[in-house]
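Spelled out from the first residue to the last, the chains are:
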Amino acid sequence: MRKLRAAAGTMLVCASACAEPPLEHMDVLLAATEYPPLMSEALPDGGLLVRIVSEAFGAANVGVKIAFVPNNRAIQGVMGDASAFDGSVGWAHSPERDKKLYYSALPIHVNREVFFYLLGNDYPWKKLADLSAPRIGATLGNYYSDEFAALRAQGVLHVDDAASDLSNLRKLLYGRIALFPMDEQVGQYVVRTGLKPAEQRRIGMQTNVLSSIPIYLVIRKSQRQSRQLLERFNLGFQRLSDSGRLAVLNSAANAQASAPR
């Protein structure tokens, strides 16, 4: 019994004395944009993505401040070397962004982009290039897919930009565009909360998936401690995943999004 007690005592001492030293505290200032139900200044804790990012950083002893800014500024502003922001929440890879930004090791969410349309004009398609006739809406600062960007640049797709998803839905109602891509979860939320009931009944959602887009936390490369911040986030995110906390957050958000309003 004495030997067992001694061994147990040694293990207890080692558990405290041999543990890794606590991480030095850091702070990070991140830009976010209105993207309900995934992100919004009006949502508790800023919405699912902000909460995931905040808790992941917190698990690695990084204090987080979030500033909600217009969509285009949330990403274009972060890409500037003199930006006030260290990074931003919820962005996909693109060639332009990859030059200026570091991305988290794993995505914090996967967007499923589908087209919304005016009922009676659904424009069925098998490949994206089939949509050369209808005018398509896009939101400034959003990235839909490599193929979408390439076909737009080639003039195959005819695209009109607007400042927000809601503005594009209104353009859809007025007949100024025929199709508009959004994440299916976000799109249903914007339709449900931004349009009148009679307007909602005029909007349909296609089942064809334009793209499945992983989105990430991004840190600007010119930030002095960019690599350290990214390492801290990756560590904290892994801790959230291993503990089951990440699954709890996602499950709660899915239940809230699907609840009737």
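Treat the numbers as computed from the prediction; the structure is a model and nothing was measured. (Residues numbered from 1 in each chain as written. Predicted model: local features only at pLDDT ≥ 70, side-chain atom pairs only at ≥ 80, totals over all residues. Heavy atoms only, no water.)

**Q** Explain the pattern of salt bridges here, please?
**A** Oppositely charged side chains can form a pair if their charged atoms are brought close together. Using the criterion set out here, one finds 8 salt bridges in the structure. Across the pair arginine 152 and aspartate 161 runs a salt bridge whose closest N-O atoms are separated by 2.6 Å. Residue classification places aspartate 161 among the partly exposed positions, given a relative accessible area of 35%. Arginine 170 is paired through a salt bridge with glutamate 199; the nearest N and O atoms lie 4.0 Å apart. Of this pair, arginine 170 sits in helix H6 (residues 165-173) while glutamate 199 sits in helix H8 (residues 197-200), and the two are 29 residues apart along the sequence. When its relative accessible area of 28% is taken as the criterion, arginine 170 is described as partly exposed. (Salt bridge = Lys/Arg side-chain N within 4 Å of Asp/Glu carboxyl O. Buried < 20%, exposed > 50% of the residue type's maximum accessible area, 1.4 Å probe, protein only. Helix = DSSP H or I, 4+ residues; strand = E, 2+ residues; numbered from the N terminus.)

**Q** Help me understand the side chain of serine 145 in this model?
**A** The residue serine 145 is located in the loop between strand E6 (135-139) and helix H5 (146-153) in this model. Accessibility expressed as a relative area gives 11% for serine 145, which makes it buried. Ignoring anything within four residues of it in the chain, the contact list for serine 145 reads Ser211 and Ile213. (Contact = heavy atoms within 4.5 Å.)

**Q** What is the right way to look at the environment of alanine 60 in this model?
**A** Turning to its location among the elements, alanine 60 is positioned in the loop between helix H2 (48-58) and strand E2 (62-68). On the basis of relative accessible area, alanine 60 is assigned to the buried category, the value being 1%. On a C-alpha basis, the gap between alanine 60 and glycine 236 in space is 5.0 Å, while along the polypeptide they are 176 residues apart. Sequence-distant contacts of alanine 60, defined by excluding residues within four places in its chain, comprise Leu23, Arg232, Leu235, Gly236 and Arg239.

**Q** Looking at this structure, I do not really get empty space enclosed by the protein. What am I missing?
**A** The tally for this structure, following the rule as stated, stands at 1 cavity of 30 Å³ or more. Here the largest cavity is characterised by a volume of approximately 220 Å³. As for the largest cavity, its lining consists of 22 residues, and the residues nearest its centre are Tyr35, Gly90, Asn111, Asn142 and Tyr143. In terms of residue class, the lining of the largest cavity is built from 12 nonpolar, 5 polar and 5 charged. (1 Å grid on protein atoms, 1.4 Å probe; cavity = no way out; pocket = protein on both sides within 12 Å on 5 of 7 lines; lining within 4 Å. Points joined across faces, edges and corners; volume = space filled by probe spheres on them. Nonpolar A, V, L, I, M, F, W, Y, C, P; charged D, E, K, R; others polar.)

**Q** I keep staring at the packing of H2 against helix H9 (residues 226-243) and nothing clicks. Help me out?
**A** Geometry of a packed helix pair, given as the angle between the helix axes and the separation of the axes. H9 packs onto H2 with a crossing angle of 100° between their chain directions and a minimal axis gap of 7 Å. The pairing of H2 with H9 is recorded here as roughly perpendicular in orientation. Judged by residue contacts, Ile52, Val53, Glu55, Ala56 and Phe57 of H2 engage Leu229, Arg232, Phe233, Gly236, Phe237 and Leu240 from H9. The class makeup of the residues in the contact of H2 with H9 is 8 nonpolar, 1 polar and 2 charged. (Axes fitted to C-alpha atoms, helices over the stretch in contact; angles between N-to-C directions. Parallel < 35°, antiparallel > 145°, perpendicular 65-115°, else oblique.)

**Q** Help me out: how do you make sense of unusual backbone geometry in this one?
**A** Backbone geometry follows two general trends: most residues other than glycine have a negative phi, and most peptide bonds adopt the trans configuration. Residue proline 37 follows proline 36 across a cis peptide bond; omega there is 5°. Residue position: proline 37 is located in the loop between strand E1 (26-32) and H2. The phi angle at asparagine 61 is positive, at roughly 60°, despite the residue not being glycine. Overall, asparagine 61 belongs to the partly exposed group, its relative accessible area being 31%.

**Q** It is not clear to me how the packing of H6 against helix H7 (residues 184-194) should be interpreted in this structure. Could you clarify?
**A** It is the contact of H6 with H7, at a shortest axis distance of 10 Å, that shows an interaxial angle of 70°. One way to sum up the angle between H6 and H7 is to call them roughly perpendicular. Note on element contacts: H7 touches H6 through Val186, Val190, Val191 and Gly194, opposite Asp165, Leu166, Leu169 and Arg170. A class-by-class count of the residues in the contact of H6 with H7 yields 5 nonpolar, 1 polar and 2 charged.

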